[in-house]
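Reading the structure
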Amino acid sequence: MAGTDRAPVPERLLNLLAIVLFVGMLALVLAQVVMRKFFEPLVWSEELARYVFIWVSFVGWVIASRKRSHVHVATVVQRLSRPWRIALGCFSDLASLVLAAILVWYGMQLVQNNRDVETVTLFFNYALVYAVVPFSGIVIGITVVYGARDRFRNDAVHVERLL
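Quick caveat: nothing in here was measured; it's all calculated off a predicted structure.

Examining the overall build of the protein chain
Within the protein chain, the regular secondary structure consists of 6 helices and 0 strands. Mapped from its N terminus to its C terminus, the protein chain presents α and β elements in the order α-α-α-α-α-α. In summary, the protein chain has a C-alpha radius of gyration of 21 Å against a globular reference of 15 Å for 163 residues, an excess of more than 25%. Projected onto its principal axes, the C-alpha coordinates of the protein chain cover approximately 75 × 45 × 30 Å. With 163 residues in all, the protein chain has 26% of them scored as buried. Considering only residue pairs separated by 6 or more positions, the protein chain has 70% of its internal contacts joining residues 24 or more positions apart. Per element, the accessible surface of the protein chain, about 11700 Å² overall, is 69% carbon and sulfur. Of the charged side chains in the protein chain, 16 are positive and 11 negative; the average position of the first set lies 9 Å away from that of the second.

Here is the structure:
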C-alpha cells in the first residue's frame, strides 16, 4: 500500500517480542490451570510464567516509553514558555539517560552475579531472567537519544519558520 507509515524494523521487532512473550505467558498460565484442574500439575509452568511476566513488564515499559504513553500531567509544561519547555525536555532526557545507564550498569552486574545460579525447576540460570534489565536500559537509552535528536530537529525547523 502506498502512503502507509510502517514502524522501523527495531520497533516492529520489539512489538513482536512483546506479543510473543505475552501470548506465551497467557498460554503458560492457561496450561497451568487446565493441568492442575484435570491432570497432573505442571511443576515448571508457574516459575516460567513468572519470569516471562518480568520480561513482559520491562518490554512493555520500553514500548510505552518509546510511544510516550506513560501517565503524565502536562498542565504545568503546557503553561511554560517554549525555552522552558525545551529546558525541561532536556532535563527529562538527561534523567532518563542516567536511569538507563544505571539499569545497564547494575543490570550487567546482576546478570554476572547470577550466571551460575540455576532456576528451581527450569533448565537455565537466573542470568537469562535478569538480562532484561540491561536490555531495557540499552533500548531506553537509544530511544531517548533518538527522541532528543528528533525534538531538536523539530525545534530547528520551528525556528527557521519564524525567521
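Some details on the packing of aromatic side chains
Enumeration over the complete set of coordinates arrives at 6 aromatic pairs. Consider the rings of Tyr-51 and Phe-124, whose centres lie 6.3 Å apart with planes at 65°: the pair is edge-to-face. Taken together, the positions of Tyr-51 in helix α2 (residues 45-66) and Phe-124 in the loop between α4 (82-113) and α5 (126-130) put the pair 73 residues apart, joining distant regions of the chain. Like Phe-124, Tyr-51 is buried. Centroid distance Phe-58 to Trp-61: 6.3 Å. Interplanar angle 85°. Geometry classified as edge-to-face. Here Phe-58 and its partner Trp-61 are both found in helix α2, 3 residues apart, which amounts to about one turn of the helix. In textbook terms, an aromatic cluster arises when at least three aromatic residues are bridged by ring pairs, as seen for Tyr-51, Phe-123, Phe-124, Tyr-126 and Tyr-130.

Concerning the pattern of salt bridges
In the structure shown here, the tally under the stated rule is 3 salt bridges. The salt bridge involving Asp-150 is made with Arg-149; its shortest N-O contact spans 3.2 Å. On the accessibility criterion, Arg-149 (35% relative accessible area) is partly exposed.

Here's the deal with the side chain of Thr-143
Tracing the backbone through its elements, the reader meets Thr-143 in helix α6 (residues 132-162). At 2.8 Å, the side chain of Thr-143 forms a polar contact with the backbone oxygen of Val-139. Beyond its immediate stretch of four places on either side in the chain, Thr-143 contacts Ser-65 and Arg-66.

Focus on the nonpolar core
Counting residues in hydrophobic clusters, the biggest one holds 19 residues, and the most contacted among them are Leu-14, Leu-21, Val-52 and Val-59. Of all the secondary-structure elements, those providing two or more residues to this core are α1 (9-38), α2, α4 and α6. Here this core gets 7 residues from one element, more than from any other, and that element is α2. The residues touching Leu-14, leaving out its near neighbours within four places in the chain, are Val-59, Val-62, Ile-63, Phe-135 and Val-139. Listed in part, the 5 residues of the second largest apolar core include Leu-122, Phe-124, Tyr-126 and Val-129.

Examining α4
Between the first and last C-alpha of α4 there are 46 Å, a value that for 32 residues agrees with the 46 Å anticipated at 1.5 Å per step. Regarding α4, the residues found buried are Gly-89, Asp-93, Ala-100, Leu-103, Gly-107 and Val-111.

Reading the values: the criteria
- Residues numbered from 1 in each chain as written.
- Predicted model: local features only at pLDDT ≥ 70, side-chain atom pairs only at ≥ 80, totals over all residues.
- Heavy atoms only, no water.
- Helix = DSSP H or I, 4+ residues; strand = E, 2+ residues; numbered from the N terminus.
- Rg over C-alpha atoms; globule rule 2.2 N^0.38 Å.
- Buried < 20%, exposed > 50% of the residue type's maximum accessible area, 1.4 Å probe, protein only.
- Contact = heavy atoms within 4.5 Å.
- Areas by Shrake-Rupley, 256 points an atom, 1.4 Å probe, with all protein chains shown as cover.
- Lys, Arg positive; Asp, Glu negative; His and termini not counted.
- Charge placed at Lys NZ, Arg CZ, Asp CG, Glu CD.
- Phe/Tyr/Trp six-rings, centres within 6.5 Å; stacked < 30°, edge-to-face > 60°.
- Salt bridge = Lys/Arg side-chain N within 4 Å of Asp/Glu carboxyl O.
- Polar contact = N/O pair within 3.5 Å; in protein donor to acceptor, adjacent residues only side chain to side chain.
- Core = buried A, V, L, I, M, F, W, Y, C linked by side-chain atoms within 4.5 Å.
- Expected span 1.5 Å × (residues − 1).

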